[in-house]
Each structure stands twice: as C-alpha cells, then as structure tokens.
Amino acid sequence: MHTFSPELYSKQTSNWIIQNAYQIQENNLKILNLNKNIVIPGDDSNDLMRALSRVVLRGNATLVNARNRICNPDHLPFPRLFRPTLESHHLKHFHRKIKLKKPVNWVFSGDSILSIGADIVSPSESPTHAWSDEIKKQNPLASINFYNLAIPATRWKDLAENTACPPWWGAPSTKNWLDYIISLAPDVIVLWFGGNDSDGLNTKSMDFVIDRIKKEVPFCDILLCVTYLPSYGSSIGDYNTIDGQIGRMMAQNYTRSYARWKDIGYLDFGRWHRMIRDGYDPCEMSLTRVIPKSGTSLPAFDHLLEVENNVWQFPACSTESGILANACTDWSIGFSFGSSPKSFSFPLSKKSEYNHQDFCKILLEKNRIIVSLEGRHHTNSPIYIDTGYNINPSETLFFSITLKDTRLTISIPRSDWKPDAGSVILGGGFIEIFDMHIPRFGGCYNPFIKLEENTLLCVYNLCIADSTKATGGCERFMPYVTDYDLYCASVSAGGSNHYHQNTYGVRDSLAPVIRQEKWTTDIVSQSKFENIQSPPTEKDFNKLLDCLRHSGIIEHD
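Residues numbered from 1 in each chain as written. Predicted model: local features only at pLDDT ≥ 70, side-chain atom pairs only at ≥ 80, totals over all residues. Heavy atoms only, no water.

A.B. asks: I would appreciate a short explanation of the overall build of the protein chain in the present structure.
C.D. replies: Looking only at helices and strands, the protein chain features 13 helices and 25 strands. Expressed as lengths along the three principal axes of its C-alpha atoms, the size of the protein chain is roughly 105 × 70 × 65 Å. Within the protein chain, contacts between residues separated by at least 24 positions form 71% of all contacts whose residues are at least 6 apart in sequence. A total of about 25,200 Å² of accessible surface is found on the protein chain, and carbon and sulfur atoms cover 50% of it. Counting 56 positive and 60 negative side-chain charges, the protein chain places the averaged centre of each group 2 Å from the other. (Helix = DSSP H or I, 4+ residues; strand = E, 2+ residues; numbered from the N terminus. Contact = heavy atoms within 4.5 Å. Areas by Shrake-Rupley, 256 points an atom, 1.4 Å probe, with all protein chains shown as cover. Lys, Arg positive; Asp, Glu negative; His and termini not counted. Charge placed at Lys NZ, Arg CZ, Asp CG, Glu CD.)

A.B. asks: What is the right way to look at the sheet that holds strand 19 (residues 383-390) in this model?
C.D. replies: Backbone-to-backbone hydrogen bonds pair the strands of a sheet. The strands run either parallel or antiparallel. Taking strand neighbours across the sheet as the criterion, the six strands line up as 14-23-16-17-18-19 in an open arrangement whose pairing is antiparallel. Strand pairing shows two members of the sheet lacking a second neighbour, strand 14 (311-313) and strand 19, which therefore form its edges. Adjacent strand axes in the sheet meet at a mean angle of 15 degrees when their direction is disregarded. (Pairing = 2+ DSSP bridges. Axes fitted to C-alpha atoms, helices over the stretch in contact; angles between N-to-C directions.)

A.B. asks: When you look at the nonpolar core in this model, what are you seeing that I'm missing?
C.D. replies: Here is a general trend for soluble globular proteins: nonpolar side chains tend to be buried in one another's company. Of all hydrophobic cores here, the largest spans 89 residues; its most connected members are L224, W312, F344, F399, I401 and L408. Ranked by the residues each element gives to this core, the list is headed by helix 8 (residues 242-262), at eight residues. Once residues lying within four places of it in the same chain are set aside, the contact partners of I401 are W331, S332, I333, F335, F344, F346, I362, L408, T409 and I410. Within the second largest apolar cluster, 37 residues are counted, among which are W131, I135, L486 and W519. (Core = buried A, V, L, I, M, F, W, Y, C linked by side-chain atoms within 4.5 Å. Buried < 20%, exposed > 50% of the residue type's maximum accessible area, 1.4 Å probe, protein only.)

A.B. asks: What should I look at first to understand the pattern of salt bridges in this one?
C.D. replies: Side chains bearing opposite charge may pair, as long as their charged atoms lie close to each other. What the rule picks out here adds up to 26 salt bridges. R212 is paired through a salt bridge with D179; the nearest N and O atoms lie 2.7 Å apart. Here R212, found in helix 7 (residues 203-216), pairs with D179, found in helix 6 (residues 177-183); they are 33 residues apart in sequence, far enough to count as distant. A salt bridge links D281 to R271; the nearest nitrogen and oxygen atoms lie 2.9 Å apart. (Salt bridge = Lys/Arg side-chain N within 4 Å of Asp/Glu carboxyl O.)

A.B. asks: Sorry, what's going on with the packing of aromatic side chains here?
C.D. replies: The description of an aromatic ring pair rests on the distance of the ring centres and on the angle between the ring planes. What the rule picks out here adds up to 31 aromatic pairs. Between F314 and W331, the aromatic rings sit 5.3 Å apart at their centres with planes inclined by 75 degrees, giving edge-to-face as the arrangement. Residue F314 is located in the loop between strand 14 and strand 15 (330-337), and its partner W331 is located in strand 15; the two are separated by 17 residues in the primary sequence. Across the pair, exposure class does not vary: F314 and W331 are buried alike. A network of ring pairs unites the aromatic residues F94, W106, F108, W131, F146, W192, Y228, Y239, F269, Y487, Y499 and W519 as a single cluster. Just above the ring of Y232 sits the side chain of R69; from NZ or CZ to the centre is 3.9 Å. Across from the ring centre of W261, 4.7 Å away, lies the NZ or CZ of K262, which sits over that ring. (Phe/Tyr/Trp six-rings, centres within 6.5 Å; stacked < 30°, edge-to-face > 60°. Lys NZ or Arg CZ within 6 Å of the ring centre and 35° of its normal.)

A.B. asks: Can you help me understand the environment of C328 in this one?
C.D. replies: Structurally, C328 is set in the loop between strand 14 and strand 15. Non-local contacts of C328, meaning those with residues more than four positions away in its chain, are made with G443, C444, Y445, P447, I464, A465 and D466.

A.B. asks: Help me understand unusual backbone geometry, please; the structure alone is not making it clear to me.
C.D. replies: Excluding glycine, most residues fall at negative phi; most peptide bonds, likewise, are trans. A positive phi is found at D119, a non-glycine position, where the angle reads about 55 degrees. Mapped onto the elements, D119 comes out in the loop between strand 6 (104-110) and helix 4 (127-138). With a phi close to 50 degrees, S198 is a non-glycine residue in the positive phi region. Taking the relative accessible area as the measure of exposure, S198 reaches 8% and is therefore buried.

A.B. asks: When you look at the confidence of the model for the protein chain in this model, what are you seeing that I'm missing?
C.D. replies: Close inspection of predicted coordinates is inappropriate for parts of the model with low pLDDT. Per-chain confidence: the protein chain averages 92 in pLDDT, with 90% of residues scoring 70 or above. Contacts of residues 5-11 to residues separated by more than four positions or lying in other chains number eleven contacts, the stretch itself having pLDDT below 50. Throughout residues 523-532 the model reports pLDDT below 50, and contacts reaching past four residues in sequence, or to other chains, amount to two contacts. (pLDDT = per-residue confidence, 0-100.)

A.B. asks: Explain the sheet that holds strand 9 (residues 221-226) to me, please; I cannot follow it from the model alone.
C.D. replies: An order of 7-6-8-9-10 is seen for the five strands of this open sheet, with the pairing classed as parallel. The open sheet has two free edges, formed respectively by strand 7 (144-150) and strand 10 (265-268), since each of these has just one partner strand. Within the sheet, the average angular offset between the axes of one strand and its neighbour, ignoring direction, is 20 degrees. Of the strands in this sheet, strand 8 (188-193) and strand 9 are in contact with helix 7, which crosses strand 9 at around 155 degrees. Across the face of the sheet, helix 9 (residues 269-277) comes into contact with strand 8, strand 9 and strand 10 while running at roughly 15 degrees to strand 10.

A.B. asks: Quick question: what am I supposed to make of the state of the cysteines here?
C.D. replies: As used here, a disulfide is simply a covalent bond connecting the sulfur atoms of two cysteines. One pass over the full model with this rule turns up zero disulfides. C225 supplies the cysteine sulfur nearest to C220, a cysteine that is in no disulfide, at a spacing of 13 Å. Since its relative accessible area comes to 9%, C220 is described here as buried. (Disulfide = S-S within 2.5 Å.)

A.B. asks: Any chance you could explain helix 1 (residues 14-26) here in plain terms?
C.D. replies: Since the α-helix turns once every 3.6 residues, residues separated by three or four places project in the same direction. If you check helix 1, its first and last C-alpha atoms are 18 Å apart, about what 13 residues at 1.5 Å a residue would give, namely 18 Å. Every buried residue of helix 1 is listed here: S14, W16, I17, I18, N20, A21 and I24. Among the residues trailing helix 1, N28 stands out with phi positive, at a value near 60 degrees. (Expected span 1.5 Å × (residues − 1).)

A.B. asks: When you look at helix 7 in this model, what are you seeing that I'm missing?
C.D. replies: Taking 1.5 Å of rise per residue, 14 residues should cover 20 Å, and helix 7 covers 20 Å from first to last C-alpha, within 8% of that figure. For helix 7, the full list of buried residues reads T203, S205, M206, D207, V209, I210 and I213. Structurally, helix 7 contributes buried residues whose contacts are with helix 5 (156-160), helix 6, strand 8, strand 9 and helix 8.

A.B. asks: When you look at the environment of D47 in this model, what are you seeing that I'm missing?
C.D. replies: Take D47: it is sitting in helix 2 (residues 46-52). Separated by 253 residues in sequence, D47 and A300 place their C-alpha atoms 44 Å apart.

A.B. asks: It is not clear to me how the packing of helix 9 against helix 12 (residues 503-515) should be interpreted in this structure. Could you clarify?
C.D. replies: The description of two packed helices rests on the angle between their axes and on the distance between the axes. Closest axis-to-axis distance for the helix 9/helix 12 pair is 9 Å, and the angle between their directions is 135 degrees. When the interaxial angle is binned, helix 9 and helix 12 end up oblique. In this structure, the crossing between helix 9 and helix 12 has a hand that is right-handed. In this structure, helix 9 uses F269, W272, H273 and I276 to contact helix 12, whose residues at the interface are D508, S509, L510, P512, V513 and I514. Class assignment for the residues of the contact of helix 9 with helix 12 results in seven nonpolar, two polar and one charged. (Parallel < 35°, antiparallel > 145°, perpendicular 65-115°, else oblique. Left-handed = near helix turned anticlockwise from the far one by under 90°. Nonpolar A, V, L, I, M, F, W, Y, C, P; charged D, E, K, R; others polar.)

See below:
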C-alpha cells in the first residue's frame, strides 16, 4: 500500500495520477490511496486510462473525466461469488450419459476467448483446460471427449453463416463451422460470443444457431457464456472508451437475459469479472427515488403533467446519490392517465449499434390488456400475452411498472380498489398482470412513455439505477485485482494487454465461476447398493433362533 497526498502538488490533474500510478507499480504495489474528500479532475486521455489500469484507487476522493473509473471507500468488503447459475436440468443429457457410463462428446465453441488464439502460454492455462479439469475432477470415471472448436474474431453471425473450419481441425472440406459441430453429435455444447458482437449482437443469428442445434441434436445440453469486458487500459479499437465498455455490457445483458428467458444454462463470467475488477455487482442493485425538479418533465409527484408530442421523457432529475433518470438502466414507475389511451409503449434498452431499440407495448384498445414485446429478440419466439384483465375506460387507469435487471413486471389495481398516491407508490391493492424475465440489451439510456394519442399523465413514484457504473446503485465491493493484473502481456504469463487475459486472469476471473458449479449428477449408481440387504424380518429372526438352539448356544424355552 502506498499513500500520497494530492495537496502537495500544485494541480490535481491526471498527470499526478499517471506519475504516482507508475511509481506504485514500479514498487510492486497496487493501491493508490486518495483519502481526502476532494475532487480530482482527469483529462479523459488514453494515457490516464493506462495508468489507472495499474492501480486500485482507495479513499473518498471523487475522480471526474476518467471514463467512469472511481475511488473505492475503505469500508467496502471484498467480492464473494454469487450462487451457481446452473440447475440439474440444464445438464440432463450429460448426466444421463454419465449414468449410463457412455462416452460423452463435449464441444467448446465461440470466439477467441476459448480458442487457441487467446494469447495463452500453454494449453494448460486456457479457459477450456480449467473447465475440462473441473469436469474431470467431479466425474473421475467418466469417458469425456473434449473438442475445442472456437475461432478467433468471430460473432454469432459467423457461426450461423458459411464460415469455414480451420485446417487443424481435420474437418471435412464440405462442412462449415456449424455443420461440423452438429456432425459430432455433441452431448454438451458451450457457446461463448459477445466480445466482438458488442451492442451489434445479431439476435436472429443467435436464435438460428440455438434452434438448429436443438432440432438436429435434440439430446444436447446447450450452455451460454456471459463474456467479460475488455481492458480499459487497452490502446486498440474502442475497448478503453465508455461506449466500448457499455457495448460489451449490452452483449452481456442480452446473453444473460436470453438464457433466463429460454431457461438455458449459462455461466456468468462477466458478472464476476466486474465484481473483482470494477468493484460492483451489476445484477444486484437498489433502485432509489428521484427528486422532482422544476423545469423538467417531472416538476412534482402526484400532479397532472402535459405530455409533449405524445411522449413523456424520463426527467433530468437525479437521486440523492446523483443517478439521473434520463440516463439509467433499470427503473420502477407508478403513474396514471388522465384518460385511457388505446395503447402505450416504452423502450427496454438503449439503442444498439444498428439503431435498433426494443420496446414493450401495452394494448388497451378493446378494454383488454395485452402485452407485446417488440424488437429483434422475438423473431422466432414472439412475446404476445393476453393478460386476461379488462379495464374500464371511464375510470382512471393506474399502472405500476418495474424493469429491474432482466425482469419486467406490470401491475394494476384490483377492479374493486381505488388507489391513492400511497397505494401506487407501495403497490397496495395492486396485482401483477405480467411477470417475466425478458430478453433485453439494457445499457444506459433515456426511458420514455409513448402514447398513441395525447393525454395527461400523473407520476406518483419513480425509482432508478444505473448498472453500467459502480456508483449507479449496485452492490459495491473492494476490487482485489487491477485491470493490468488480468490482461498484462508477458512472455511468462501470456495475455494481450487488450482483451485476452493472461494466466492470472484466467485463474482469478474465469476459473472460480467454473469451479463453483456442480458438474456431477445426483443420481447414484445402483451398483453401490448391490451388497446392501434389506432389514431382517420376523421370519428371519425366528430362523436365527432355531439355528442357535440347534447348535446348543441357547437353551430351548
């Protein structure tokens, strides 16, 4: 630990941070203490990001213009692993093969993270080795054939299309990438994409790949991987920019939410990576109430508001911790309409690379509430649900809507209940008419409510969070690795300085997520019970007595 006082310097600038960050590293230390409650301005430069990647900032200072890098208060605990994400039914075909003592074909596929091009120093230091190692430890007698069929610099779209197999696979020249995977009749296939897809992840390609595997290899378990973020100290591409980091967060969110929606097994490497490097859990958050502000679209709660051009934008109001409602990822709102519209909608995510945005539309045209999710994710599995609830258009229409992490809930009051403001805020007398983990990209965006026709709106409550930032309302931790620890390239440890992690990164950010899962089956082999006899009956006891009397060991009655 090394402590410096910024007050000794004439300017609290990024030059001071850069100088001391490198000095700390040269002394084989990692912690830069900024214990004064001061503001330290950065210059938003790549040089600053490279310096920050080498240290963990501790203390109460506020860092600005540093691409969302922050100081971490001393009281924060170190991260602890979240509960396992796999359930037994996600590996049912694998478990069946293990029980039958038959060989298992296990395929790893995806982009460069799993490939031999991941800047590893040895096959033993790859993510696939850590994964297969744990599976073999938990299933020591099983016969498992592991295939690494990952290709660097690829996306979901590449697997869905006619991508050729590398020559070292020995695959027939007539088969493309996905054809070859399917021809192996895998019992388990692991799919890892997202880093190259970013917010341009092609959901139609993702659907196509997964649907084809399910159709042509019906007895195959599919596991998805939530990728991790690239180094913010990188000097290539958009890795070290806010947009580049958030773009990968959107790919993380979609993979995670898609798996929950479809009930597909997944491993959340991205979540653990953010916990140990960035010091917060993006999936565990608290929504806090915004403070209304005059001159915004929310000057006060419980007041009728004019809706401009049929769209009510979330306001430029913040919570007490500074989170802005017009730049959030998760939210909960209670409101009512002055008159019942035919329909209204709201976005579920930030616009993607291709300017797409996912929406939830609520139809009220025939006095029936229908929920429809519109966007790229529902092409093969549309979400269109008749809730079975009716409305009375002559009465005030109340809604309570929450979009938190991957779960969307929509509630209305009971038909015989006339809620006041307190009931809307707390949900008293409300019933859920829609409750589902939905596929969405997330990302920091400005939500809004779009009406089919103009009407007045009354907002009673608005709570928000921003999971793209450590200070956005998520559970906080003390980072225990630096960005540089994970990615630093060296002859001894591998790594790329950009996206591929070195052997320490694989050990610290990937292996724990793999090793905490249960890869063995609960089914116990029948052979273990072959020598166990049932409890003796009364007949057996009488036979024993006769034998003992006959041998003179005991006397007759």
